[in-house]
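Take a look at the letters that make up each chain.
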Amino acid sequence: MGLTKQYLRYVASAVFGLIGSQKGNVVFVTLRGEKGRYVAVPACEHVFIWDLRKGEKILILQGLKQEVTCLCPSPDGLHLAVGYEDGSIRIFSLLSGEGNVTFNGHKAAITSLKYDQLGGRLASGSKDTDIIVWDVINESGLYRLKGHKDAITQALFLREKNLLVSSGKDTVVKWWDLDTQHCFKTMVGHRTEVWGLVLVSEEKRLITGAADSELRAWDIAYLQEIQDLEEPEPKKIKGSSPEVQDTHEAENGALEVDEAPEDRILTCRKAGSILREGRDRVVNLSTDKTGRMLACHGTDSVLEVFCILSREEIQKKMDKKMKKARKKARLNSGKGEEEDLEVSVEMTLQDEIQRVANIKTSAKIKLRTFQSLCPRKKLTVGAETFTNISTCRSFDLILSPQGELKAVFLLQNNLVELYSLSPSAPAPQPVRTSRVTLGGHRSDVRTLSFSSDNIAVLSAAADSIKIWNRSTLQCIRTMTCEYALCSFFVPGDRQVVIGTKTGRLQLYDLASGTLLETVDAHDGALWSMSLSPDQRGFVTGGADKSVKFWDFELVKDENSTQKRLSVRQTRILQLDEDVLSVRYSPHQNLLAVSLLDCTVKIFYVDTLKFFLSLYGHKLPVICMDISYDGTLIATGSADRNVKIWGLDFGDCHKSLFAHDDSVMYLQFVPKSHLFFTAGKDRKIKQWDADNFEHIQTLEQREAEYEESVAKEDQPAVPGETQGENYFTGKKTIETVKAAERIMEAVELYREESAKMKEHKAICKAAGKEVPLPTNPILMAYGNISPSAYVLEIFKGIKSSELEESLLVLPFSYVPDILKLFNEFIQLGSDVELLCRCLLFLLRIHFGQITSNQMLVPVIEKLKETTISKVSQVRDVIGFNLAGLNFLKRECEAKSEVMFFADATSHLEEKKRKRKKREKLILTLT
């Protein structure tokens, strides 16, 4: 067997320069008892908590490897639910910053998360078209709801009813009965994708937003409440005539949607539409927690804010409207004020939902895009085809008790902005009160460079250059620039050179942060630069079909007596095609030039004579690099391939299919033939140019195995159909490991039980007690019994992974587990956990258990012990609950007494002040 070659392992260490990433939403969180001050934003795989008042990052919720796609705070404000791109969900504690609860059930990215009113259940929607309801307290999945045909955009619990409403990109809104876990109503009144929905007016009205400029309103009527009324009268508008009432009812009847005889629980009737000012599609709808303020935005930078009026406000508005109508009728008829005129006024949807103001942000509100799983609609761009995309909420609202509305935005230019608005003002004007801009570019980073000592990192974007400290991840210097495409540190690390999209060279001094010089280098974009190995100059390549050579020199500065650094052009190499990339060989004898005609030309540096032509790529070479010894050159192209060439004869050693999209960057590791590539498929890979092997994609091996496990078919639960409701979990590496631990514990129990029987036989034959050696594993757990060790293993499994671990457990271990459960339940230890495991095992192995005659006595004993122990636990819980209710009543009684005492003292104080004022008035008169 040959020797294996070992490679260094690379892991992600930190993220800097990021305020909020593109794939998630921003939410207000309650921290340190304050509301409206702290916000949570996604930051790649992490979540950052920002203090808007100070503009500081105060907490980081550490993720694993997948990007964050959705955030949702719990109603009590103590926890934050985070959804990831791989379909997993983690619950973080905002007090400790730890995420101890993990849910795995979806096969694609999470698109919607919503708690119920008490925070005990969590509904998650995904791109895999499924909705899963999770039990947060028990840390397990309750049921999976299947019925949508495309990605879920929103899912909401109803407060008073055990119902759930969801919307999707399949143009429908579905109502789910959570008692029976099935869809009892489907609203088909939309013709395009439904991007969001909200419940307002005490959950009597549903507002939906689709791919047009309308907000559709639907009146919800619960049939049980209608039946409870003896003879409900039709809704009448105050002051209107019978003819207008008939017209209003006829219009409502005409707008009625999806009313069928089989409808039950509730009915939905279209109440009308609200036209937005934006003509693009609705990206998302949202309300504050009180449900009074409604906001929506499109694909632009404007948030439209509406106010949901209460019944009293609507009545006042209609009275004013009626008064104006009567006054106008008197003026038209010429009659006096004493004569009563019959005037009809119709109440419209605009009278109930009032437009407040528009909030215009400094940039577009960030849209989260993802590729849909449904190939129903496609968009063709050039030679590539993409499916339609979806977005997520990038703003959040909070209404203070004083009536001030705060809106926070996560913008596309890596900014977080906070606006305040007073809806009760006559002409409300939004005011920007806070902005988080520290440590981040406003546009995509196009170039990166390390200093010679690896202490500083340069990053440049379309408008700025930033210098970072690699160890502290803090921004040292920020300088404005033109659109940067390439960069490097000048030898000595005191200056940097930037190549821009306009073809200019910009030279900056790092100490002062000033622009020293701007040189017009090329007539087109300056795509690439390469520092010469002797560090005396550099070479540039641009879109003007030329390669230019530059030398560093010192010139006199007009503003100072000292000389400053400058650049001087020495030579030029004119070519037939645009230059995309240039590279010096380590010995500075060759120059590699990538051209737009898909070839790479090799020239001698001293004479600029042609040496080699490397051809074979089907699309232009975007990036390339030469190894440290000058023997190999690797090229990366837009055709997704990487080719390795020899620089002696120009022969192609190997062609590698590297990425699923264009290869954007390639560089060799110093002193080796290993190189890294980066692609538009958002992956970074390491390769060996000698063995032509793919070493790693910067992910852990466990993550790769978990992904392969997730792709396997989910085992079905016996006795259940793959319909609207089936098992909610997903096989992961953690659940497989947990099942293996259970099997190992049962095997140890079997071995130790056999040893005990054998030991008893030996002691009986010898007539004396012989010491039995203790298993080292049991000794590590405190010298416990083998059965107790099995219980400890069950207690050590996460609650969210328990059912999936039992599902993959072979049936051969189930009989021993059932016998142990009977023993444990009789002792009264962990009755709740054991009953949960027992009922799940009976559910998935019912046929095999009932057909096994050896297990019938065990099941009978389990039935007796389980019923008795559960009754005892229920009695204890009932007693404790009664005690807590008693203490609650006593506390309420004490608080009421204190309240009336305080009120009495305040009243007496007011009387004393009033008497004092009266005495002063009498004295003055």
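Residues numbered from 1 in each chain as written. Predicted model: local features only at pLDDT ≥ 70, side-chain atom pairs only at ≥ 80, totals over all residues. Heavy atoms only, no water.

Engineer: Please give an account of the overall build of the protein that cites residues and values.
Structural biologist: When its secondary structure is counted, the protein shows 13 helices and 54 strands. Relative to its 925 residues, the protein shows a buried fraction of 49%. For the protein, long-range pairs separated by at least 24 residues make up 49% of all intrachain contacts whose partners lie at least 6 apart in sequence. When the accessible area of the protein is evaluated, it comes to approximately 48,000 Å², of which 53% is carbon and sulfur surface. (Helix = DSSP H or I, 4+ residues; strand = E, 2+ residues; numbered from the N terminus. Buried < 20%, exposed > 50% of the residue type's maximum accessible area, 1.4 Å probe, protein only. Contact = heavy atoms within 4.5 Å. Areas by Shrake-Rupley, 256 points an atom, 1.4 Å probe, with all protein chains shown as cover.)

Engineer: Kindly report on the pattern of salt bridges, identifying the contributing residues and their values.
Structural biologist: Counted according to the given criterion, the structure contains 32 salt bridges. Between aspartate 51 and arginine 37 there is a salt bridge whose closest N-O contact spans 2.9 Å. One end of the pair, aspartate 51, is in strand 3 (residues 46-51); the other, arginine 37, is in strand 2 (residues 34-43), with 14 residues separating them in the sequence. There is no split in this pair, since aspartate 51 and arginine 37 are both buried. Here glutamate 304 and arginine 276 are joined by a salt bridge, their closest N and O atoms 3.8 Å apart. Here glutamate 304, found in strand 23 (residues 302-308), pairs with arginine 276, found in the loop between strand 20 (266-275) and strand 21 (284-287); they are 28 residues apart in sequence, far enough to count as distant. Each member of the pair, glutamate 304 as well as arginine 276, carries the same accessibility label: buried. When salt bridges with common partners are traced through the structure, they connect Arg276, Glu277, Asp280, Glu304 and Arg355 into a single cluster. (Salt bridge = Lys/Arg side-chain N within 4 Å of Asp/Glu carboxyl O.)

Engineer: Explain the side chain of serine 787 to me, and be specific about the residues and the numbers.
Structural biologist: Structurally, the position occupied by serine 787 is in helix 8 (residues 786-796). Using a relative accessible area of 10% as the deciding quantity, one classes serine 787 as buried.

Engineer: Residues and numbers for the sheet that holds strand 21, please.
Structural biologist: Reading across the sheet, the 4 strands line up as 21-22-23-24 and stay open at both edges, with antiparallel pairing between neighbours. Lying at the two open borders of the sheet, with one neighbouring strand each, are strand 21 and strand 24 (353-360). Ignoring which end each strand starts from, the neighbouring axes of this sheet average 25 degrees apart. In terms of strand pairing, strand 22 (residues 293-297) meets strand 23 through 5 bridges, oriented antiparallel. In the strand pairing of strand 23, cysteine 296 is matched with glutamate 304. (Pairing = 2+ DSSP bridges. Axes fitted to C-alpha atoms, helices over the stretch in contact; angles between N-to-C directions.)

Engineer: Could you give an account of the pairing of strand 34 (residues 475-480), with specific residues and numbers?
Structural biologist: Alignment of strand 33 (residues 464-469) against strand 34, held across 5 bridges, turns out to be antiparallel. Looking at the pairing, isoleucine 467 lines up with arginine 477 of strand 34. Linking strand 33 to strand 34, which pair antiparallel, is a turn of 5 residues; within it leucine 473 sits at a positive phi near 60 degrees.

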